[in-house]
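Structure assessment
Chain residues, written in single-letter form:
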Amino acid sequence: FVIGNGPELYFVDHDMIANKVDGELVVNQNDLQTYDVSIKNIGALDADADSYTVRLMQETESGSIELASTSGLAIASLEEMNYSFDITFTDVENTKIYTEIVYASDLKPENNMTLPINISVKPENTVHTVIAPEQNEGWSYPVGGGSYVLTQSIYYASELQNSGIVNGISIYYDNTGL
């Protein structure tokens, strides 16, 4: 199968790829969560309905376990498709989940899994409090280097207007625009 007038691109007849899994990274124990999964048929031929299975997997100490799965819908060559899985984590833990496609006809199974994403499961009724605006643009960096200074802040539960125990603080830093 060849596309275009420039370099020739060759596709195998059957090749499904798992693009991504997306959802909340910090969740409460026993709360229903939805994880969205994206797959794409990059094979030259269409894949029939029920010819493949999309699975949401969890890594454990004893191996991977299936959290949810669905039989695949018909998908044309070069078409992307999305699936949603509703799951509940019952254990307080840090774990990893990923998407896996089971497709017997796939000629390149090495691309049938997404990279795992880290999930932090907190005790039930944990209150997640934002302590800074989500968009805080400025010249402060959470890491040291060059002439920049590493800073930190300590917060007590009373300062966050919540009772209970502070069991974690996370920071998100995106330097793509610098």
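Our subject is the structure listed above.
Attention now moves to the overall build of the protein chain. Of the regular secondary structure elements, the protein chain holds zero helices and 10 strands. Each helix (α) and strand (β) of the protein chain, taken in turn from the N terminus, gives the series β-β-β-β-β-β-β-β-β-β. Residue burial in the protein chain is summarised as follows: out of 178 residues, 28% are buried. Across the protein chain, the fraction of contacts at a sequence separation of at least 24, relative to all contacts at a separation of at least 6, is 66%.

So, about the sheet that holds strand β9 (residues 93-102). Here we have five strands laid out as an open sheet, ordered β4-β10-β9-β6-β7, and mixed in their pairing. Here the strands that pair on one side only, and so sit at the sheet edges, are β4 (26-28) and β7 (63-71). Each adjacent strand pair in this sheet contributes to an overall mean axis angle of 30°, direction not counted. Of the strand pairs in this sheet, β9 and strand β10 (residues 117-122) are connected by five bridges, and their pairing is antiparallel. What sits directly across from I97, in β10, is I117.

Judged from the six bridges that link them, strand β3 (residues 16-22) and strand β5 (residues 32-41) form a sheet pairing that is antiparallel. Counterpart to V21 in the pairing with β5 is V37. Sheet analysis places β5 next to strand β8 (residues 80-88), joined by nine bridges and oriented antiparallel. Directly across from D36, in β8, lies its bridge partner S84.

Pairing within the open sheet is antiparallel, and its three strands lie in the order β3-β5-β8. The sheet is open, and its two borders are formed by β3 and β8, each paired with just one other strand. Averaged over neighbouring strand pairs, the angle between their axes works out to 25° when direction is ignored.

The two faces of the sheet receive side chains in turn, since in a regular strand these alternate between them. Taking burial as the measure, the six residues of β10 include five buried ones, the bulk of the element. Bridging between β4 and β10 involves three bridges; their strand directions are parallel. Each residue of the ladder has a partner; that of N28, found in β10, is K122.

Here the focus is the environment of D36. Along the chain, the position of D36 falls in strand β5. Along the backbone, D36 and G23 are 13 residues apart, and their C-alpha atoms lie at a distance of 6.4 Å. Each residue touching D36, except ones within four places of it in the same chain, is listed here: K20, V21, D22, Y83 and S84.

So, on to the packing of aromatic side chains. With the rule as written, the count across this model stands at two aromatic pairs. Note on Y35 and F89: the rings are 6.3 Å apart at their centroids and 85° apart in plane angle, and the pair reads as edge-to-face. With a gap of 54 residues between them, Y35 in strand β5 and F89 in the loop between β8 and β9 connect regions that are remote in the sequence.

Parameters and conventions
Residues numbered from 1 in each chain as written. Predicted model: local features only at pLDDT ≥ 70, side-chain atom pairs only at ≥ 80, totals over all residues. Heavy atoms only, no water. Helix = DSSP H or I, 4+ residues; strand = E, 2+ residues; numbered from the N terminus. Buried < 20%, exposed > 50% of the residue type's maximum accessible area, 1.4 Å probe, protein only. Contact = heavy atoms within 4.5 Å. Pairing = 2+ DSSP bridges. Axes fitted to C-alpha atoms, helices over the stretch in contact; angles between N-to-C directions. Phe/Tyr/Trp six-rings, centres within 6.5 Å; stacked < 30°, edge-to-face > 60°.

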